[in-house]
Amino acid sequence: DRQPIVAIDGPAGVGKSTVSRSVARELGLVYLDTGAMYRALTWLVLESGISVTDRCAIAELANRCEIQLAASVDAAQPVRVWINDREVTSAIRSLDVTANVSAIAAIPEVRQVLVKQQQQWGQKGGLVAEGRDIGTQVFPDADLKIFLTASVQERAKRRQQDFLAQGQPQISLEQLERDIAARDWQDSNREVAPLKKAAGAVEIITDAKSITQVIAEIVLQYDRVF
Ligand code: C5P
């Protein structure tokens, strides 16, 4: 029998990563950022000069690439990511990768390869996995499933604050709202494994909640299960 699995799903910019990393640390579980894998592959596609519409070439690339993740012990730090031995930790957060990742993640062959990898890593359990399809496809037998949501306006505001904190150039709220709404639409309307709340998932609406409150709520849910 395997160790516990916590599945955390939700749309772009809802604070999933920060929350998932902290929950993993508090519960002593490994953190798995599946979005980082789709981002790494997207980076490689762009880097290789392959067209984002060339499904065949992208599927081929997905089959041949090797992705490695290393979660930091410091919950404030994002996961470190390598693809084919190139470190892409910060490159995968670029606007260019962000703008193209949903198209790449919609390709069935890409999902097949990456989901299989995720399931292999999760075979023995002991992890908190975050993404769009963790509770529905990757680990449908997860012990606890969480679905995080927030309004587009709230998520755009948080993104803007993130950029500000990182000293990056300001992007207007209108632009951020458009980007987030577009990614929501693409992720929720694709044919394979669209973003949706899994059966039995606990939904947490985070608009009026602090990160600390959300983390505490998930840990409480976990303690109820075990
Ligand atoms: O979570 P993050 O914003 O890093 O995810 C980037 C993109 O990767 C998402 O917008 C989505 O298109 C894709 N993704 C996915 N399935 C997952 C995780 C991410 O399709 N499990």
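Calculation notes
Residues numbered from 1 in each chain as written. Predicted model: local features only at pLDDT ≥ 70, side-chain atom pairs only at ≥ 80, totals over all residues. Heavy atoms only, no water. Core = buried A, V, L, I, M, F, W, Y, C linked by side-chain atoms within 4.5 Å. Buried < 20%, exposed > 50% of the residue type's maximum accessible area, 1.4 Å probe, protein only. Helix = DSSP H or I, 4+ residues; strand = E, 2+ residues; numbered from the N terminus. Phe/Tyr/Trp six-rings, centres within 6.5 Å; stacked < 30°, edge-to-face > 60°. Arc of directions from axis to C-beta. Contact = heavy atoms within 4.5 Å. Axes fitted to C-alpha atoms, helices over the stretch in contact; angles between N-to-C directions. Parallel < 35°, antiparallel > 145°, perpendicular 65-115°, else oblique. Nonpolar A, V, L, I, M, F, W, Y, C, P; charged D, E, K, R; others polar. Pairing = 2+ DSSP bridges. Left-handed = near helix turned anticlockwise from the far one by under 90°. UniProt positions renumbered as here; feature names shortened; annotations may be inferred. Near = heavy atom within 4 Å. Polar contact = N/O pair within 3.5 Å; in protein donor to acceptor, adjacent residues only side chain to side chain. Areas by Shrake-Rupley, 256 points an atom, 1.4 Å probe, with all protein chains shown as cover.

Per an unreviewed UniProt entry, the protein chain is named Bifunctional pantoate ligase/cytidylate kinase, and its organism is Scytonema millei VB511283.

Peer 1: If you had to explain the nonpolar core to someone new, which residues and values would you point to?
Peer 2: Counting residues in each nonpolar core, the largest one holds 56 residues, and the members touching the most others are Val6, Ile83, Val110, Phe139, Leu148 and Ile218. The biggest single contributor to this core is helix H2 (residues 34-47), with eight residues. Within the second largest apolar cluster, five residues are counted, among which are Ala156, Phe163, Leu176 and Ile180.

Peer 1: Tell me about the packing of aromatic side chains, and name the residues and values.
Peer 2: Taken as a whole, this structure holds one aromatic pair when the rule is applied. The interplanar angle of 40 degrees and the centroid separation of 4.8 Å between the aromatic rings of Tyr222 and Phe226 together place this pair among those described as tilted. By relative accessible area, which is 11% here, Tyr222 ends up buried.

Peer 1: Please give an account of helix H3 (residues 55-64) that cites residues and values.
Peer 2: Turning to H3, its buried residues number three or more, namely Ile58, Ala59, Leu61 and Ala62. Along the axis of H3, the buried residues cluster in a sector spanning 160 degrees; they form a single face. Away from its buried face by more than 90 degrees, H3 exposes Cys56, Asn63 and Arg64. On the buried face of H3, the contacting elements are H2, helix H4 (95-105) and helix H5 (108-121).

Peer 1: Give a detailed account of the packing of H2 against H4, specifying residues and quantitative values.
Peer 2: Between two packed helices, both the angle of their axes relative to each other and the distance between the axes serve to describe the pair. Look at H2 against H4: their axes get within 8 Å of each other, and the N-to-C directions meet at 105 degrees. The orientation of H2 with respect to H4, classified from their angle, is roughly perpendicular. Contacts from Tyr38, Arg39, Leu41, Thr42, Trp43, Val45 and Leu46 of H2 reach H4 at Asp96, Val97, Thr98, Asn100, Val101, Ile104 and Ala105. A breakdown of the residues in the contact of H2 with H4 according to their chemical character gives nine nonpolar, three polar and two charged.

Peer 1: Break down the sheet that holds strand E4 (residues 80-83) for me, with residues and values.
Peer 2: Pairing in this open sheet of three strands is antiparallel, and the strands run E3-E4-E5 from one edge to the other. Across the chains shown, the open sheet's two edge strands, defined by having one partner strand only, are strand E3 (67-70) and strand E5 (86-87). Sheet topology note: the E4/E5 ladder contains two bridges and is antiparallel. Opposite Ile83, over in E5, you have Arg86 as the bridge partner. The strands touched by H2 are E3, E4 and E5; relative to E4, the strand with the most contacts, the crossing angle is about 45 degrees.

Peer 1: Which residues make up the packing of H2 against H3, and what are the values?
Peer 2: At a closest axis distance of 11 Å, the pairing of H2 and H3 adopts a crossing angle of 120 degrees. Classed by the angle they form, the pair H2 and H3 counts as oblique. Where H2 crosses over H3, the two elements pack in a sense that is right-handed. Along the contact surface, H2 presents Leu41, Leu44 and Val45, while H3 presents Ile58, Leu61 and Ala62.

Peer 1: Can you tell me about the UniProt feature "domain: Cytidylate kinase" (unreviewed entry) in the protein chain, naming the residues and giving the values?
Peer 2: Feature annotation in UniProt places "domain: Cytidylate kinase" (unreviewed entry) on residues 6-221, given in this structure's numbering. Its end C-alpha atoms 10 Å apart, residues 6-221 is made of 50% helix and 15% strand.

Peer 1: Just give me the short version of the site of the ligand, but keep the residues and values in it.
Peer 2: Lining the immediate surroundings of the ligand are 14 residues, of which Arg39, Arg111, Asp133, Arg183 and Asp187 lie closest. One of the side-chain N or O atoms of Thr34 is found 3.0 Å from a nitrogen atom in the ligand. With respect to the ligand, the side chain of Asp133 contributes an N or O atom lying 2.7 Å from a nitrogen atom. Here the ligand, which alone exposes 460 Å², has 97% of that area covered by the protein. Elements represented by at least two residues in the shell around the ligand include exactly H2, H4 and helix H8 (173-189). The dominant element in the shell around the ligand, judged by the number of residues it contributes, is H2, at four residues.

Peer 1: Any details on the side chain of Ser20? Residues and values, ideally.
Peer 2: Here Ser20 lies in helix H1 (residues 16-27). The buried category is assigned to Ser20, whose relative accessible area is 0%. Every residue in contact with Ser20, bar those within four places of it in the chain, is listed here: Ile8, Tyr31, Val128 and Glu130.

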